[in-house]
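The residues making up each chain are set out below.
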Amino acid sequence: MASVLDISAAKSRFEQFAQPLLAKFAESKIATGEQVTPPQLVDALRQLFLVLEKDVASWDPSLPEDEPERIGDLTIGLLLDLATWADRLGERPAKAAMEVVSVAVAAWLVQQGQPIHTLEPVVNGLAILANAEKDPEPLQSLARLMGAVAEAAATDYAADLESQDPQRPWRILLFNWAIAATRAQDPEQMRTAFAALQRYLPADAPLFFQEGRQQVLQGDYTPEVREIMLAAAEAAGHGLH
């Protein structure tokens, strides 16, 4: 998990999957018009990674205070653009890789105490990482990161008027956070994630908790995990009446 969040490791992953994507784009002969092309995106991202790899304390002190926020958001936005190109070109591994790389940049923003404005690739990357994990310890780390990302993105997304759209990244993030916390059997993260669900998605939370109740009763979960889920399901059930 730690290596996934390391900027240098993320840069290496980016380079590994950028190469076949660039080759596929060159072969495609797609007429791009005024679109920003994959080679342009890759060049820009290489420059941004050089900045991200440096200690922020060593940055030019004359830069604006919000420069880390701007750099991080620009990087995630360009990774999203490159992932979109990868999807268009049928390079699914490259798309997934760019989304996982965006998680490292989001973690960097969290470490810098900066907000997260571009959420879609980060949510997709977190889901890829969570689906690949079965051990509780890395799942606990992922759940904590999901919570930190949710907190960093809350200013932009918590009042999202389209939160009922099942494909909205904010909605997906909150559900995945609660699922990862439960799979990790992490009581503290479960309570925090469940509270976020009840606060931000009150219309959807009851069904989630009722389904969670069935799962923990049938699965191999600790008594404390069962108790937390059953209590949440009971409280949500009362809220329906």
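See the structure shown above.
Residues numbered from 1 in each chain as written. Predicted model: local features only at pLDDT ≥ 70, side-chain atom pairs only at ≥ 80, totals over all residues. Heavy atoms only, no water.

For the rest of this paragraph, the subject is the pattern of salt bridges. For the coordinates displayed, the defined rule picks out 9 salt bridges. Among the ionic pairs, arginine 46 bridges to glutamate 15, the shortest N-O distance being 2.9 Å. Here the residue arginine 46 occupies a position in helix H3 (residues 38–52), and glutamate 15 occupies one in helix H2 (residues 7–28), the gap between them amounting to 31 residues. The partly exposed category is assigned to arginine 46, whose relative accessible area is 27%. Residue classification places glutamate 15 among the partly exposed positions, given a relative accessible area of 22%. (Salt bridge = Lys/Arg side-chain N within 4 Å of Asp/Glu carboxyl O. Helix = DSSP H or I, 4+ residues; strand = E, 2+ residues; numbered from the N terminus. Buried < 20%, exposed > 50% of the residue type's maximum accessible area, 1.4 Å probe, protein only.)

Inspection of the entire model under this criterion finds 9 aromatic pairs. With centroids separated by 5.3 Å and ring planes inclined at 80°, the aromatic side chains of phenylalanine 25 and tryptophan 85 adopt a geometry described as edge-to-face. Of the two residues, phenylalanine 25 sits in helix H2 while tryptophan 85 sits in helix H4 (residues 67–88), which places them 60 residues apart along the sequence. The buried category is assigned to phenylalanine 25, whose relative accessible area is 13%. Relative accessible area serves as the criterion here: at 6%, tryptophan 85 is assigned to the buried category. Ring centres of tyrosine 157 and tryptophan 170 lie 6.5 Å apart, and the angle between their planes is 15°; on these two criteria the pair is classed as stacked. Taken together, the positions of tyrosine 157 in helix H7 (residues 136–157) and tryptophan 170 in helix H8 (residues 169–183) put the pair 13 residues apart, joining distant regions of the chain. (Phe/Tyr/Trp six-rings, centres within 6.5 Å; stacked < 30°, edge-to-face > 60°.)

Here we take up the side chain of glutamate 91. Within the element layout of this structure, glutamate 91 appears in the loop between H4 and helix H5 (92–111). Classification of glutamate 91 by relative accessible area gives buried; the value is 17%. Once residues lying within four places of it in the same chain are set aside, the contact partners of glutamate 91 are Pro20, Leu21, Lys24 and Ala86. (Contact = heavy atoms within 4.5 Å.)

Residues three or four positions apart in an α-helix share a direction because the helix packs 3.6 residues into each turn. For H4, with 22 residues, the first-to-last C-alpha span of 31 Å sits near the 32 Å given by 1.5 Å per residue. Of the residues flanking the end of H4, it is glycine 90, one or two places downstream, whose phi is positive at about 75°. (Expected span 1.5 Å × (residues − 1).)

Quick look at the nonpolar core now. Within the largest apolar cluster, 79 residues are counted, with the highest numbers of intra-cluster contacts made by Phe14, Leu119, Leu126, Val149, Phe194, Leu197 and Phe209. Top element by residues in this core is H5. It accounts for 12 residues. In this view, phenylalanine 14 contacts Val42, Leu45, Arg46, Phe49, Leu79, Leu82, Met98 and Val101; residues no more than four positions away in its chain are not counted. (Core = buried A, V, L, I, M, F, W, Y, C linked by side-chain atoms within 4.5 Å.)

A few words now on the environment of histidine 117. Mapped onto the secondary structure, histidine 117 falls in the loop between H5 and helix H6 (120–131). Taking C-alpha positions, histidine 117 is 6.1 Å from alanine 153, a pair spaced 36 residues apart along the chain. Setting aside its immediate chain neighbours within four residues, histidine 117 contacts Glu69, Asp73, Asp156 and Tyr157. Separated by 2.6 Å, the side chains of histidine 117 and glutamate 69 make a polar contact. (Polar contact = N/O pair within 3.5 Å; in protein donor to acceptor, adjacent residues only side chain to side chain.)

Below, the discussion takes up unusual backbone geometry. Phi at lysine 29 takes a positive value of approximately 55°, unusual for a residue other than glycine. Looking at the element boundaries, lysine 29 is found in the loop between H2 and H3. The phi torsion at glutamine 185 lies on the positive side, around 55°, for a residue other than glycine. Looking at where glutamine 185 falls in the secondary structure, it is placed in the loop between H8 and helix H9 (187–200).

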